[in-house]
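Next come the chains, spelled out residue by residue.
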Amino acid sequence: MTSSLLLSITTFVYLFCTVLYLSGLLFHYGRLLTAGTLAGLAALVIQMAGVILRWVESYQLGYGHAPLSNLYESLVFASWAIMLIYLIFEWRTKQRTIGVFPAFFAFLAMAYASFSTGIDSKIQPLVPALKSNWLIAHVITCFLGYAAFAVSFGLSILYLMRKASPDNPKPKSGILSALPDARQLEMFNYQMILFGFLWLSVGIITGSVWANSAWGKYWSWDPKETWSLITWLIYAALLHARNMQGWKGQRVALLSMIGFGCVLFTYFGVNFLLSGLHSYAR
Amino acid sequence: MSKEKSFLEKALDALASLKLTLFVFFTLAAASIIGTLLPQGTSTAEMQGQFSPTIISIIDQLGLNNLYHTSWFMVLLLLLCLNLLVCTLDRLPKTIKLLKRQEETFDSRKLSKFSYSASFTTGLSAEEARGLLHGAVADSFGPLHELKSEGAYCAVNEKGRWSRLMVYGVHASVLLVLLGALAGSRLGFEGFMNLPEGATSGEVIMTGGHSFIDLPFKVRCDKFEVSLYDTGAPKEYRSDLTIVEDGREVLKQSILVNDPLTYKGVTFYQASYGATLKDAEIELKERDSGKTITMTLPYQENRTIPGTDEQIRIAEYQENLMRFGPALGLVLGKVGQDANSGSYILVDHPEFHGNRVQNYQVRVLKTTKSHYTGLQVRRDPGVWLVYLGFILMLVGIGLTFYSSHNKIWACIEPGTSGTGALVSIAGRSSRNTPGFAESFEELSRRLTDQLKPEKMKEVQKKK
Ligand code: HEM
């Protein structure tokens, strides 16, 4: 049993999980949704085993570092975090109908990590700049934030669909009728964004403290740093816009989608298009 | 007078408004995007050819190539601070008043207006219903406290008032961080020094500028080492440093990339490394007499040429002088005086006719390299303010997320027919959490169950 086998299995379980959630929603069949939850849970456990095994393997290779050091490993963690946050959310709200997007995003992240030719899945030694306990704190917290924003992105799409449906507020049939009503979706979305904002803030701050201890500057306007600040500003704007007349609802949902676009750019765009201190992640 | 005041008030309103907040957030975000797309720190001269002249003049005028340090960017940050301050001054007194207020009376007709509300008719007597209600609310939310009310029994449970103060903590933290950053940029410095192994220096070259400062002590690099992985990738950079103050060694410490040294508020970080000249063996041939002298010159130290009153020094070492390979910058002069002539000597081209200083033809026989360590040197007296802001921000946002100001009201009115009662509950949460909604629903279900209208019939039957 190797970590890469477990992680390949995970990818397919996420796909299966997505299909279950989607068909549960399409056919209004609660048992399929429950099966989706179980598949998601299974994927989460298998993936965690895979990640732990990869950690052990890195020690066997003599490198010995947490599996959070390159693009491949961060994508694996991102997909895990999305599912984890979604499942906690599902358990707290007793809403199974919104699992399609998180499951799909978790699948996409894994599929991209595994099948993209540009991503090296080999366990590599750590470059000196990354040798710090801050690495773990920084990566985990940032990705918890990103994952919450991914879930919020899905919620925003559902919210906008719900709002746009002709027989809002109570559709009588179709996929949308199985969803919670728009007011509830808005509330869930807000909770998710505040949660993501909290972790993004922790992520930026740990990164900043780390930079200060490693390079003597807590902020150097490096492109990755700057993009995470842009993301942070967008979500801060969203949290405030919600208190303003005419903004709550659709505009806030759109802002959340723009915010997630910034997350993606911070994550991929900066690595591939811009250069800076964080370009090791290439 | 009154006109002016209303203008002032309008200005203050604008400064306190959330519209301004959004404007500043979006403008800062847009500016930062430009800052990441346009390489910062490149001069407009270097951009020639990359952009059209009009764009270059815009870049120049707005300072887009050094955007984060322009005055308009500072103004934006200042506007954010002002917005926060005025908004806080505007709201804090109201919030404090709200926090202090003790609710004593209540009108039961208000109940149905809350975002969560439910009512039940019951056959139980008002006293019995009260007992049930207290038990049920206590289990889901906490104990009820009685309020004065006309014609009904009303009670309230309230939790987490203080959570309304948390955003003030978050906002204060933003001010602290920005203040700390300001203090750091005004009172601190940032620069670097390249120290060859064995060398001692207290001179720090400022980042960007061509100025330098002298530290009140000196640093010596005893040793610099790079270790590699099997793959050849670098594993660790390490410098052994000694702090020398008033000629005494006061501190010895090794630094790694993530592990700097701090002395008297100045911190030294392992930032880079490189190779430099250690010494060179040269041959001097007197052009008149043809006499040759061979000597070893340590880098940047004067040596007297044997049998003369002249001294010679390698003032500079170039890795690749005008594509002719490495070169020594030699200077020559009378002993005890400043050098009066100098010249570059090409190491790899001994036949080059320009390899001479004054009366000597020079040949470089051998060069020995040594490592130098590149240290980033910083003093930032504002960093503790920034860190304090960080802590406050995390605690503030965390508690904003995890706490909320919740209130549950419950009223019992006597039934219209003289028996039984009407029980109503209502709830409000400053942060409509799923948890609150769930608890409220649970309470409603329990009350529906325990206060069933059927109970009324049972009671009547017994009669
Ligand atoms: C970078 C700067 C800022 C940050 C990080 C920040 C952060 C926050 C956070 C986390 C919340 C709580 C969100 C919620 O409960 O939904 C909040 C609420 C709020 N903020 Fe800010 N804020 C900032 C700037 C400002 C500014 C400049 C204003 C000026 C008008 C402002 C006014 C408010 C108001 C009015 C609320 C709502 C308070 C309430 O619900 O009682 N914020 N802010």
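Look above for the structure.
Residues numbered from 1 in each chain as written. Chains lettered and ligands numbered in written order. Predicted model: local features only at pLDDT ≥ 70, side-chain atom pairs only at ≥ 80, totals over all residues. Heavy atoms only, no water.

Novice: Could you clarify how one ought to interpret the overall build of chain A in this entry?
Specialist: The helix and strand tally for chain A stands at eight helices and zero strands. The order of helices and strands in chain A, counted from the N terminus, is α-α-α-α-α-α-α-α. Residues classed as buried in chain A amount to 61% of the 282 residues present. Here the contacts in chain A between residues at least 6 apart in sequence split such that 77% fall between residues at least 24 apart. Counting every atom, chain A has about 11,400 Å² of accessible surface; 69% of that belongs to carbon and sulfur. (Helix = DSSP H or I, 4+ residues; strand = E, 2+ residues; numbered from the N terminus. Buried < 20%, exposed > 50% of the residue type's maximum accessible area, 1.4 Å probe, protein only. Contact = heavy atoms within 4.5 Å. Areas by Shrake-Rupley, 256 points an atom, 1.4 Å probe, with all protein chains shown as cover.)

Novice: Explain the environment of B:A155 to me, please; I cannot follow it from the model alone.
Specialist: Its location among the elements puts B:A155 in strand β3 (residues 153-159). C-alpha of B:A155 to C-alpha of B:T105: the two residues are 50 residues apart in sequence and 9.4 Å apart in space.

Novice: Would you mind showing me how to read the site of the ligand here?
Specialist: Near the ligand, the surroundings consist of 20 residues, among which A:Y190, A:H240, B:T21, B:H171 and B:R431 are the closest. Nearby residues place the ligand at the junction of chains A and B. Within the contact set of the ligand, an oxygen atom lies 2.5 Å away from a side-chain nitrogen or oxygen of A:Y190. One nitrogen or oxygen atom from the side chain of B:H171 is found 2.8 Å from a nitrogen atom belonging to the ligand. Counting only elements with at least two residues in the shell around the ligand, the list comes to α7 (223-241) of chain A together with α2 (18-37), α5 (71-100) and α7 (166-187) of chain B. (Near = heavy atom within 4 Å. Polar contact = N/O pair within 3.5 Å; in protein donor to acceptor, adjacent residues only side chain to side chain.)

Novice: It is not clear to me how the interface of chain A and chain B should be interpreted in this structure. Could you clarify?
Specialist: When the parts come together, some accessible area is lost, and that loss is often what is quoted as the size of the interface. Listed as interface residues are 50 residues of chain A and, on the opposing side, 49 residues of chain B. Here chain A packs against chain B, burying approximately 4,400 Å² in sum over the two surfaces, 71% of which is carbon and sulfur. The interface formed by chain A and chain B holds two salt bridges in total. A salt bridge links B:E190 to A:K217; its shortest N-O distance comes to 3.2 Å. Linking chain A with chain B are four residue pairs in polar contact (both at pLDDT 80 or more). (Buried area = accessible area lost by both parts, 1.4 Å probe. Salt bridge = Lys/Arg side-chain N within 4 Å of Asp/Glu carboxyl O.)

Novice: I would appreciate a short explanation of the sheet that holds strand β19 (residues 421-429) of chain B in the present structure.
Specialist: Sheet strands line up and pair through hydrogen bonds in the backbone, either parallel or antiparallel. Residue and element names in this part refer to chain B. Taken in spatial order, the five strands line up as β1-β19-β18-β3-β2 in an open sheet, and their pairing is antiparallel. Two strands in the sheet have a free side with no partner beyond their single neighbour: β1 (116-122) and β2 (145-147). In this sheet, neighbouring strand axes are inclined to one another by 20 degrees on average, regardless of whether the strands run parallel or antiparallel. The pairing of β2 with β3 spans three bridges and is classified as antiparallel. Residue pairing in the sheet places E146 in a bridge with A155 of β3. Packed on one face of the sheet, helix α6 (residues 126-140) meets β1, β3, β18 (406-414) and β19 and runs near 170 degrees to β18. (Pairing = 2+ DSSP bridges. Axes fitted to C-alpha atoms, helices over the stretch in contact; angles between N-to-C directions.)

Novice: Looking at this structure, how should I read the state of the cysteines?
Specialist: Working definition: the covalent bond between the sulfur atoms of two cysteines is a disulfide. Residues and elements named next belong to chain A. Using the criterion set out here, one finds one disulfide over all chains in the structure. Looking at C262, it has no disulfide partner, and the nearest cysteine sulfur is the one in C142, 15 Å off. According to the relative accessible area criterion, C262 is buried, its value standing at 9%. (Disulfide = S-S within 2.5 Å.)

Novice: Quick question: what am I supposed to make of the pattern of salt bridges here?
Specialist: Pairs can form between side chains of opposite charge whenever their charged atoms are close. Residues and elements named next belong to chain B. A full pass over the atoms with the stated rule returns 19 salt bridges over all chains. With a shortest N-O distance of 3.0 Å, R378 and E190 are connected by a salt bridge. Placement of the pair is R378 in strand β17 (residues 360-379) and E190 in strand β4 (residues 189-196), with a sequence separation of 188 residues. For D222, the salt bridge is made with K252, and the minimal N-O distance between the two is 3.4 Å. Here K252 lies in strand β8 (residues 248-255) and D222 lies in strand β6 (residues 212-228), a separation of 30 residues in the sequence. For K252, a relative accessible area of 53% gives the class exposed.

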